[in-house]
Amino acid sequence: MWRFAWRNILTRPTRTFLALIGLSIPILGVVGLFSLSNGLRMLVGNTLNQIQGVIVLRNNAPSPVFSDIPADLPDKIRSIPGVKIVSPEIWGISPPIENTSLIARTLNNLGDQQKRMQSFLDTPVVTGQDTITHAKITTSVYRKALLPAAENGGRYLNETDRGSKNVVLSKKFANQFKNSDNSPKKPGDKVKIGNEQFNVIGIYHTNSMLLDGVIVMDIETARRVLNRPNGLSDVYVEMNDPVKSDEVAQLIEKSFPDFDARSMNEFQNSFGNLMGQLDRVLGLTVSLALAVGVVGIVNTMLMSTLERIAEFGILRTNGWSQNHVLGLVTLESAYMGLIAGVMGCGLALVGVNIANQFLSGGLQLVVTPYLLFLGMILSVVTGTLGGLYPAWKAARLAPMEAIRFGHR
Amino acid sequence: MSMIETHDVTKSYRSGEGVMEILHGVSLSIPAGQCAFIVGPSGSGKSTLLHLIGAMDQPTKGRVVIDGQDLTKMTEPQKDLFRRDKIGIIFQAFNLVGNLTALENVLVPFLPRGITPELRDRAKAMLTKVGLGHRLTHRPIQMSGGEQQRVAIARALVKNPQVVLADEPTGQLDTRTGEDVFRILRELQRELGTTLVVVTHDRRFIQPQDLVLEIEDGLLKK
């Protein structure tokens, strides 16, 4: 019966192939979209793992760039039990670097799709750190990410850089804003930010597109570059006991209700919830695509069963039961689901591998065995469901009725 | 002892908004091992009667009893089993499955339960008996009408049924091929001791010892 069912779906290869395309594309969508979701989870997880302190922002500010806190808040936070170091920061969108604004870079990269996409993702941001307090932080993301001496990573900002024109660039920006001789920026080179020339003293690389778009400088220098003479964007808080970061964050929020103290656990949870919602939206989207795939299978199997209705009558006259006919047609559609699953998952694997060649900044599409298993199961279930109605239609006729109907 | 009995069998079909009665109370009895011919003009109800005997259709009224079992009291799954175990059917249009080889077509009744080597050997032997031992792997489209009908005969007889029903088995064959096919059918019927019921309007194949049942306008004449 298995071989018989297999042969039946090969009888009309073109029609079968078209139905398979119809079902394999939604499966490709399922695997592709969820591999993106996996990739985003991994990227954000890796990013957040590099940040171990608590960040205090204005309530509802989506990121430090859009936050504004009073200058006296760091001193107040220092008095909270469990707090070890409080380091104020300011953040802002960078002025044009090397006379290249976001619009100019985007226009310049119009011919290159990868660069065009990255132009938007890589909007440079300037952060000004209080070099005196920041030097005491043991969990500083950018300091830890400084390239080793062997790779000419230079040095990080310290107390001596107060008010200086020294900056630490990401490796990405070092490559993006090259010197006039087309060599990447390195410690000792100059970089023009806005109308001022700055000294590059260090190069870092976090391998996260969410962190590598930042130019680090002293807070007083950043105030001038960002034209922000007063106030702060956020404070970075390091705890005596990193395990108690959630507790300290709650204490800060309780003491200063207008501000949001976000531990990385909280970020992880918020992001997890966001991704959960995204997964539901993706699930809904692919469900619609799968529904279209089911319609394709139903249509193919209906046409196939109508064409072969006499054959089912013949099988019945030879002792096949209704359940046998039902099983045969369902098996055929399950086979189609299986093949579509293999096609969809195969295409997704190829597509993801190609896409990963063009993605950078730590974002990689991730296809897990579970995702492939899910794709296969969805495809087989969808294919089987699509065959149930045609199978029922084929099985319910009395043998002679089916033969007469089929020979009309 | 009767193998086949019908008692006052009536069969009606819906036709448009009305009802058309094809059989008007047919009662007959066919002994076991007999070769019986149901003859009559086209549209007289011969094939309908054959289908009722083969549990392939349900009478509107009356009873059909095969080997002591009342078909009209059977459920659909019981009828499936009955057809599988006791009835072999041969159609005018051969009705082979196009995707399957000659051997696989003969094995069709056993496909859902799985094919054992013993069944395969039995099917090969049956095809050899009908003269197709060299055509086992050919598909219907690669065979002539006479060969296809011989495959159908092998399929009907491979399960050693108690009753073989043949609905115009030579209707689509030329005279000589028809004679060949009928000769094979009759030889196998004698060899296996099967009860054979043939619907035909071709009286050439009737022999003196055969039972002839003549139907006209849905009524049994003789």
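Residues numbered from 1 in each chain as written. Chains lettered and ligands numbered in written order. Predicted model: local features only at pLDDT ≥ 70, side-chain atom pairs only at ≥ 80, totals over all residues.

Next up on the list: the overall build of chain A. On a plain count of helices and strands, chain A comes out with 15 helices and nine strands. Evaluated residue by residue, chain A yields a buried proportion of 43% over its 408 residues. Pairs at least 24 apart in sequence give 84% of the contacts found in chain A among residues at least 6 apart. (Helix = DSSP H or I, 4+ residues; strand = E, 2+ residues; numbered from the N terminus. Buried ≥ 20, exposed ≤ 12 C-beta atoms within 10 Å, placed from the backbone. Contact = placed C-beta atoms within 7 Å.)

Attention now moves to the sheet that holds strand E6 (residues 87-90) of chain B. All names here are of chain B. Pairing in this open sheet of six strands is mixed, and the strands run E6-E7-E8-E3-E9-E10 from one edge to the other. For this open sheet the edge positions go to E6 and strand E10 (219-220), each flanked by a neighbour on one side alone. Here strand E9 (residues 211-216) runs beside E10; their pairing, made up of two bridges, is antiparallel. Looking across to E10, one finds that glutamate 216 is bridged to leucine 219. (Pairing = 2+ DSSP bridges.)

This paragraph deals with the pairing of strand E9 (residues 259-263) of chain A. All names here are of chain A. Counting buried positions along E9 gives five out of five residues, so the element sits mostly inside the fold. Side chains Phe259, Ala261 and Ser263 project from E9 onto one buried face, and the interleaved Asp260 and Arg262 project onto a second face that is buried too. Of the pairings in the sheet, the one linking strand E1 (residues 54-58) to E9 comprises five bridges and is antiparallel in character. Bridged to valine 54 within E9 is serine 263.

So, on to the nonpolar core. Membership of the largest hydrophobic core comes to 108 residues, with the highest contact counts inside it found for Val31 of chain A together with Ile38, Val106 and Val197 of chain B. No other element matches the 13 residues that helix H13 (residues 322-358) of chain A contributes to this core. Contact partners of isoleucine 38 of chain B, with chain neighbours within four places excluded, come to Lys46, Leu49, Leu50, Val197, Val199, Leu213 and Ile215 of chain B. Counting residues in each nonpolar core, the second largest holds 50 residues, with Val56, Leu73, Tyr156 and Leu211 of chain A among its members. (Core = buried A, V, L, I, M, F, W, Y, C linked by C-beta atoms within 7 Å.)

Taking burial as the measure, the eight residues of helix H1 (residues 46-53) of chain B include eight buried ones, the bulk of the element. Just past H1 of chain B, the residue alanine 55 of chain B takes up positive phi, approximately 60°.

Right, let's get into the sheet that holds strand E5 (residues 69-70) of chain B. All names here are of chain B. Across the sheet, which stays open at both edges, the four strands sit in the order E2-E1-E4-E5 with antiparallel pairing between neighbours. Two strands in the sheet have a free side with no partner beyond their single neighbour: strand E2 (18-31) and E5. Examined bridge by bridge, strand E1 (residues 2-15) and strand E4 (residues 61-66) share five bridges and lie antiparallel to one another. Pairing of isoleucine 4 across the sheet is with isoleucine 66, part of E4.

A word on the environment of methionine 343 of chain A. Residues and elements named next belong to chain A. The topology assignment puts methionine 343 in helix H13. Put simply, methionine 343 and leucine 23 are 320 residues apart on the chain and 9.2 Å apart in space, counted from C-alpha to C-alpha. Not counting chain neighbours up to four residues away, the residues in contact with methionine 343 comprise Leu20 and Ser24.

With that settled, consider the interface of chain B and chain A. Across the contact, 18 residues belong to chain B and 18 residues belong to chain A. Element by element, the count of residues in the side of chain B that touches chain A is highest for helix H2 (residues 76-86) of chain B, at five residues.

Another point: unusual backbone geometry. Residue and element names in this part refer to chain A. At asparagine 60, a residue that is not glycine, the phi angle is positive and equals roughly 70°. By the element assignment, asparagine 60 lies in the loop between E1 and helix H3 (73-78). Asparagine 60 gets classed as exposed once you count the C-beta atoms within 10 Å, which come to 8. With a phi angle near 65°, asparagine 207 is a residue other than glycine that sits in the positive phi range.

Attention shifts here to helix H14 (residues 369-396) of chain A. Every α-helix winds through 3.6 residues per turn, so residues three or four apart in the chain are directed the same way. Taking 1.5 Å per residue, 28 residues should reach 40 Å; H14 of chain A reaches 40 Å between its end C-alpha atoms and fits that length. At leucine 388 of chain A, H14 of chain A shows its strongest bend, of approximately 35°, with the proline proline 390 of chain A following within four residues. (Expected span 1.5 Å × (residues − 1). Bend = angle between axes of the 7 residues up to and from the residue.)

All right, on to the pairing of E1 of chain B then. Residues and elements named next belong to chain B. Both E1 and E2 contribute to a ladder of eleven bridges, which runs antiparallel. The residue of E2 that forms the bridge with glutamate 5 is serine 29. Taking the residues that link successive antiparallel strands as the turn, the E1-E2 hairpin has two residues, and the phi of glycine 16 there is positive, at about 65°.

Our focus in this paragraph is the environment of glutamate 220 of chain A. All names here are of chain A. Along the chain, the position of glutamate 220 falls in helix H9 (residues 219-225). Look at glutamate 220 and you get partly exposed, because 16 C-beta atoms sit within 10 Å. In this structure, the C-alpha to C-alpha distance between glutamate 220 and isoleucine 90, residues 130 residues apart in sequence, is 9.3 Å. In contact with glutamate 220, not counting residues within four places along its chain, are Arg162 and Gly163.

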